[in-house]
Amino acid sequence: MDDLFFCTSLPLIFILLITIKSLFRSKQHSRTNLPPSPPSLPIIGHLHLLKPLAHRTFHHLSQKYGPVFSLWFGAHRVVVVSSSSIAEECFTKNDVVLANRPRFMLAGKHMGYNYTTVVESPYGDHWRNLRRIGATDIYSPTRLNMFSSIRKDEVKQLLFRLSHNSREDFAKVDLRSMFSELTFNIIMTMVAGKRYYGDGMSDKEESKQFRDLMSEGLSYGGATNPSDFVPILKWFGGGGAEKKVMDLGKRMDAFLQGLIDEQNLSKTTSDRSTANTLIHHLLSLQESQPEYYTDQIIKGLILVMLLGGTDSSSLTMEWVMSNLLNHPEVLKRARAELDAEFGQERLIDEPDVFKLPYLQSIISETLRLYPTGPLLVPHYSSDDCTIGGFNVPRDTTVMINAWAIHRDPKLWDDPESFKPERFAKGGEELYKLMPFGQGRRACPGIGMAQRVVGLTLGSLIQCFEWERISEMKVDMSEGKGLTMPKAVPLEAMCKARPIVNKVLF
Ligand code: HEM
């Protein structure tokens, strides 16, 4: 009996002691040499510092506390990184440890199927499966090429709209709404063969429903529940924001399910108008692999395209046009590049965009100064790690301040100035940019964004003269919102160039 005890229990006790010791050491390790932190208030920590334009607040803090500092959002630890080399460490050495997402966004819970869409899902098999589906069925060059005529048609419709009053003289146009409608129409035509914006659409009930859902969805995208940070708030009721997002989530789900049901029905009635849509393709895969292509997974994939792929691209185009209006010499050079390469006889097409290095430099320079994801999407540590020589415990949210890195004077000459020429050399400068993130969780929509943004801007420059609405420079201040909109929506004056009459009418 004694022998048996020694043989079985002693090794177990030994293993237990070693585990306790290493756990203790790990806890100690993670509690010392933490990133510096500003003085905090009881219970709320640093929440009082969180004002709109968080990237700017974090940048100011980094100047005092260094390139890695920590904050408490109530009971939740957050580490902010503002240096290029340390961000690189996050996306290489620590890429797996930091590939999780925090769970404090209400949208992720109630619209994103309890944090299971590709944006919010934790790192693991489910997320890998979603990225695989995205890479093969949605964002691969082959799939993107299949939908190139949709993008071309939508851009043509935009050119038509712009030319309505501008064939004789300069006319004033509201570019924010036009860019936004363009990106929604492109994605919805790819997804379901439907356009919800444009002539005759505003009275249709389904269009109205879609527009309302999207504007609510984008406005609640960054909503958090204060009681997730300060649990004591649960005792005081509240939760108003959560109820609104919950209600929106239900309506959004019903709408997306309606699209799927409609396509299922059209299969039985052999309606060919929906045969080339993304939903049709995903539903056909559902037949052979039902466990991977569930209705919920399909709805989640559509949702992230709509909420992640529209504002980010349309606001980027608005920032680019604002820069061009403030720098007429850059606009002139971009137009000369287009005219020299393609003349005034035919409209440019998607593949042409990659033969326009100056236009590409303008887009890169705009994404440097005005990245529409200034803090990327928050990452979350699944284990203890070190960042920039500091210990960062597991369950810490890590934010990368791409906006600050893109303006770091140690990295860029004259960082506050708009100078597309800095990208003329290509390679090295481009590697310092991170508007789409880096590593495992980097944006999978980059190819689609490049095509939409490049084709639209190239076409606008090829087909129209552009001027500001007054002598005053376009206001470049940033407004509130997750995707860093301009504070003042862009209006501009445009006049059709001769090519418009040749190719559009
Ligand atoms: C100019 C346009 C765009 C910009 C600047 C942009 C930027 C970003 C950024 C910064 C991230 C987070 C990276 C990180 O976590 O470190 C991201 C993630 C993501 N983006 Fe984009 N994006 C753009 C367009 C698009 C488009 C067109 C789509 C799809 C239609 C898309 C889909 C996604 C998805 C699904 C993720 C989540 C990836 C994951 O968590 O695994 N994006 N994007």
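Note that the structure is predicted; figures quoted are calculated from it, not measured.

1. Here's the deal with the site of the ligand
Part 1 of the reasoning: Neighbouring the ligand are 25 residues, the closest being Arg101, Trp127, Arg131, His379 and Cys443.
Part 2 of the reasoning: A distance of 2.9 Å separates an oxygen atom of the ligand from a polar side-chain atom of Trp127.
Part 3 of the reasoning: Take Arg131: an N or O atom from its side chain is 2.8 Å from an oxygen atom of the ligand.
Part 4 of the reasoning: In terms of residue count, helix H13 (residues 295-309) provides more of the shell around the ligand than any other element does, four residues in total.

2. Concerning the coordination of the iron atom of the ligand
Part 1 of the reasoning: There is one protein donor for the iron atom of the ligand, and it is Cys443 (SG), at 2.3 Å.
Part 2 of the reasoning: Mapped onto the secondary structure, Cys443 falls in the loop between helix H19 (427-431) and helix H20 (446-463).

3. Considerations on the environment of Ser381
Part 1 of the reasoning: You can see Ser381 is positioned in the loop between strand E4 (379-380) and strand E5 (385-387).
Part 2 of the reasoning: Ser381 gets classed as buried once you look at its relative accessible area, which sits at 0%.
Part 3 of the reasoning: With 262 residues separating them in the primary sequence, Ser381 and Val119 have C-alpha atoms 16 Å apart.
Part 4 of the reasoning: Setting aside anything within four residues of it in sequence, one finds Ser381 in contact with Val97, Leu98, Pro393, Arg394, Asp395 and Thr396.

4. Description of the sheet that holds strand E1 (residues 68-73)
Sheet strands pair via backbone hydrogen bonds, and the direction of the pair is either parallel or antiparallel.
Part 1 of the reasoning: Strands sit in the order E1-E2-E7-E4 across an open sheet of four strands; the sheet is mixed. Among the strands making up the open sheet, the edge pair consists of E1 and E4.
Part 2 of the reasoning: Inspection of the sheet shows E4 paired to strand E7 (residues 397-400) by two bridges, in the antiparallel sense. Looking at the pairing, Tyr380 lines up with Thr397 of E7.
Part 3 of the reasoning: The sheet strands contacting helix H2 (residues 54-65) are E1, strand E2 (76-81) and E7, and the helix crosses E1 at an angle near 125°.

Criteria and cut-off values
- The residue count restarts for each chain, going from 1 along the sequence in the order it is written.
- Where local features are concerned, this predicted model is filtered to residues with pLDDT of at least 70; where side-chain atom pairs are given and counted, the filter is 80 or more; whole-chain, interface and lining totals use all residues.
- Each side-chain value is worked out from all heavy atoms of the structure, with water and hydrogens disregarded.
- One heavy atom suffices: a residue is near a molecule or strand as soon as one of its heavy atoms comes within 4 Å of it.
- Here a polar contact is taken to be a pair of N or O atoms separated by no more than 3.5 Å, where protein atoms must pair a possible hydrogen donor with a possible acceptor and residues adjacent in sequence count only if both atoms sit in side chains.
- In this description a helix means any DSSP run of H or I spanning at least four residues, a strand means any run of E spanning at least two, and both kinds are numbered starting from the N terminus.
- Counted as donors are the N, O and S atoms within 2.8 Å of the metal, or 3.2 Å for Na, K and Ca, while water is not among the atoms, so some sites may look incomplete.
- The buried label applies to any residue whose accessible area, calculated with a 1.4 Å probe on protein chains only, is under 20% of its type's maximum; exposed applies above 50%, and partly exposed to all values in between.
- Contacts were defined at the residue level, with two residues in contact if any of their heavy atoms lie within 4.5 Å.
- Two strands pair under a simple rule: DSSP has to find at least two bridges between them.
- Structural elements are reduced to axes, namely lines fitted to C-alpha atoms, with helices fitted over the stretch in contact, and the angle between N-to-C directions of any two is expressed from 0 to 180 degrees.

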